[in-house]
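So the chains spell out like this:
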Amino acid sequence: MIKIAHKNRYESSNLKRYNQKKSITNIEKFINEENNNYGIVIEANYNDAEVLYESKLLRTKLDKTFNTICNKTIYTGDKVILNKKDFSIEKIITRKNMLCREKHDGSKINDFGITKVVATNIDLAVIVVSAHEPPLHPKFIDRYLILLKSNNIPFIIVMNKCDLKTQKEERILNIYKDLDITVIETSTNLNIGISELRNILKGKQSILVGHSGVGKSSLVNAIMQSNNIKVGSVGEKTGKGCHTTTTSKYYKWNDNSAIIDTPGIRSLDISNFNPVEIQDYFEEIRKLKEKCKYKDCLHYDELESDCYIKQSVKSNLINFERYESYAKIIGELLKKGK
Ligand SMILES: Nc1nc2c(ncn2[C@@H]2O[C@H](COP(=O)(O)OP(=O)(O)OP(=O)(O)O)[C@@H](O)[C@H]2O)c(=O)[nH]1
Ligand SMILES: [Mg+2]
Ligand SMILES: [Zn+2]
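Residues numbered from 1 in each chain as written. Chains lettered and ligands numbered in written order. Predicted model: local features only at pLDDT ≥ 70, side-chain atom pairs only at ≥ 80, totals over all residues. Heavy atoms only, no water.

## Thoughts on the site of ligand 1
Around ligand 1 sit 24 residues, and of these Thr188, Ser212, Ser218, Gly232 and Thr245 come closest. Alone, ligand 1 offers 670 Å² of accessible surface; in the complex the protein occludes 88% of this. Top element by residues in the shell around ligand 1 is helix 6 (residues 216-224). It accounts for three residues. Partitioning the shell around ligand 1 into residue classes produces five nonpolar, 16 polar and three charged. (Near = heavy atom within 4 Å. Areas by Shrake-Rupley, 256 points an atom, 1.4 Å probe, with all protein chains shown as cover. Helix = DSSP H or I, 4+ residues; strand = E, 2+ residues; numbered from the N terminus. Nonpolar A, V, L, I, M, F, W, Y, C, P; charged D, E, K, R; others polar.)

Printed below as a string of structure tokens:
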């Protein structure tokens, strides 16, 4: 009985997400197959965009017919084909992927949410956290991992401000290293880890994501060896960033490498996910879940004697904090009636 309920919920949530995504990408007639003569969207606004084309920066309008479909149809990272006469954007080359996140209005009455596209065509996402100011929150990393895995985007973790690191952060980072995730420590102040990061980002179109104030724009400056991008401060009382970067912006830092700087976010909404799928985004749970007594075990309010995941947490085979993070997400989703 429970199993069927879970399954139906899973299917309906998947369908909902699929339809939402479809409405974003419902611009098929403007999609073109691979073409070598394209420009790249550096920054996208309401109905115009800055495009890098043949090493020149152009402020382009969307083609009129394009513009009537939807207010925002192109995004930072898009490869676009320009009209040779007026340089308007005529076509978009098929996207490799899109990083989207949901934004709900917070109301308990309805479940209305908008899908925000952060950027497209991403080879590697860098989840940037900082050792301090703002503090390192592993639960935020776990949520971002879910989003990236569900979008099929490869990722690494960068802990910036390692000049402020204590044993607490060291312990948290080890959790992710143990999961075989690449973790790099950087300090833009002391120039630590920057060349290691450059080596990993070389040849890729990467994106930096994370909380405000962790130093994403400072890292872009360090990678580009410039000082041109505005960086902000961190509130003394709050320890939080002040949302200095306001739009996703693409920076080319060598012939075939680019990095997209994004606005910091406060929290990550994953309320459109279904509990059943969440367990698969926790690698350590996915690997062991078959050993639970019941196939539909959510490893949440089931008895420990029936749940191999709970037993694995007890025997330290699964990290307790990761499990706590998982259980918190499941609790929130079940409360929302997912
Ligand atoms: N101690 C220390 N501070 C740093 C380091 N890197 C950046 N900062 C400081 O962190 C603050 C925020 O840096 P930003 O680069 O603006 O952060 P951001 O992540 O781009 O923030 P948003 O644009 O608001 O999302 C600035 O005051 C930087 O000087 C570092 O390695 N160590
Ligand atoms: Mg910034
Ligand atoms: Zn279980």
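## Overview of empty space enclosed by the protein
Scanning all chains against the criterion turns up two cavities of 30 Å³ or more. Empty space within the second largest cavity amounts to approximately 40 Å³. Taken together, Val128, Val129, Ser130, Pro134, Pro135, His137, Phe140, His211 and Val214 make up the lining of the second largest cavity. (1 Å grid on protein atoms, 1.4 Å probe; cavity = no way out; pocket = protein on both sides within 12 Å on 5 of 7 lines; lining within 4 Å. Points joined across faces, edges and corners; volume = space filled by probe spheres on them.)

## What about the pairing of strand 9 (residues 124-130)?
Counting buried positions along strand 9 yields seven of seven residues, so the element is predominantly enclosed. Going residue by residue along strand 9, you find Leu124, Val126, Val128 and Ser130 tucked away on one face and Ala125, Ile127 and Val129 tucked away on the opposite face as well. Where strand 9 and strand 12 (residues 205-210) come together, five bridges link them in parallel fashion. Bridge pairing links Leu124 to Ser206 in strand 12. In the sheet, strand 9 pairs with strand 10 (residues 155-160) via six bridges, with the strands oriented parallel. Bridge assignment links Val129 to a residue of strand 10, and that residue is Met159. Of the crossover connections in this fold, the one passing from strand 9 over helix 3 (residues 138-150) to the parallel strand 10 is right-handed. (Buried < 20%, exposed > 50% of the residue type's maximum accessible area, 1.4 Å probe, protein only. Pairing = 2+ DSSP bridges. Right-handed = clockwise from strand over helix to strand, strands pointing away.)

## Comments concerning the side chain of Glu43
As for its placement among the helices and strands, Glu43 is situated in strand 2 (residues 39-44). Residue classification places Glu43 among the buried positions, given a relative accessible area of 14%. Leave out the neighbours within four places in its chain, and Glu43 touches Ala49, Glu50, Thr76, Thr247, Ser248 and Lys249. (Contact = heavy atoms within 4.5 Å.)

## Here we look at the environment of His211
Position of His211 relative to the elements: it lies in the loop between strand 12 and helix 6. Taking the C-alpha atoms as reference points, His211 and Ile265, 54 residues apart in sequence, are found 4.9 Å from one another. Residue contacts for His211: discarding those within four places in its chain leaves Val128, Pro134, His137, Phe140, Lys216, Gly264, Ile265 and Arg266. Here the side chain of His211 touches Arg266 through a polar contact of 3.3 Å, landing on its backbone oxygen. (Polar contact = N/O pair within 3.5 Å; in protein donor to acceptor, adjacent residues only side chain to side chain.)

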